[in-house]
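# A structural walkthrough
Here is what each chain is made of, one letter per residue.
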Amino acid sequence: FSAWALTRHCWEGKFVYKSSLKKVPLFGWLFILAGDLAVERGDKTKIVAMLDQARDELNAGYNVVVFPEGTRSPSGIMQDFKPGFFGICAELGCPAIPAVMVGTERAWPLSGMK
């Protein structure tokens, strides 16, 4: 539901997603076909390339939807934000609009669906 709600407000947008989600049938294909931005966690070279691609998308007029904590919280307590996208927004002078998803630690725990 949350992704659907975000697309209602960010229609011309690209989502940043964990690259391993490409392997999920249907969802992975949709990410790829939509041209969304995969982040390869732990690979600085690929992360820099994805941030450059995000910069290009913003310059082209697209919204970029990112979850700035970088992962789900196991406790529901907000974690530190990753600085990359805020730096890009400051550099380009584009707004960063925060959004929150409450309850993800119960709906989709780090240990997987039960």
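Everything discussed here concerns the structure shown above.
Read on for a plain summary of the structure. Computed from a prediction, not measured in an experiment: that's the story for all the values here.

About the criteria used
Residues numbered from 1 in each chain as written. Predicted model: local features only at pLDDT ≥ 70, side-chain atom pairs only at ≥ 80, totals over all residues. Heavy atoms only, no water. Helix = DSSP H or I, 4+ residues; strand = E, 2+ residues; numbered from the N terminus. Core = buried A, V, L, I, M, F, W, Y, C linked by side-chain atoms within 4.5 Å. Buried < 20%, exposed > 50% of the residue type's maximum accessible area, 1.4 Å probe, protein only. Contact = heavy atoms within 4.5 Å. Pairing = 2+ DSSP bridges. Axes fitted to C-alpha atoms, helices over the stretch in contact; angles between N-to-C directions.

The residue Leu26 is not glycine, and still its phi comes out positive at about 70°. For Leu26, the location among the structural elements is in the loop between strand 1 (13–18) and helix 2 (27–34).

Counting residues in each nonpolar core, the largest one holds 9 residues, listed as Val16, Leu37, Val39, Met50, Leu51, Ala54, Val64, Phe85 and Ile88. Among the elements of the structure, strand 2 (37–39), helix 3 (44–59) and helix 4 (84–92) are those that each provide at least two residues to this core. The element best represented in this core is helix 3, accounting for 3 residues. When near neighbours in sequence (up to four residues on either side) are disregarded, Leu51 contacts Gly84, Phe85 and Ile88.

What follows concerns the sheet that holds strand 3 (residues 63–65). Strand pairing in a sheet relies on backbone hydrogen bonds. The paired strands run either parallel or antiparallel. Spatially, 3 strands are ordered 2-1-3 in an open sheet, and the strand pairing comes out parallel. Of all strands in the sheet, those with a lone pairing partner are strand 2 and strand 3, marking the two edges. Sheet twist, expressed as the average angle between the axes of neighbouring strands with direction ignored, equals 25°. Looking at chain direction, strand 1 and strand 2 are connected through 3 bridges and run parallel. Bridging across to strand 2, Val16 finds its partner in Leu37. In the packing of helix 3 onto the sheet, contacts are made with strand 1, strand 2 and strand 3, and the angle to strand 2 comes to roughly 155°.

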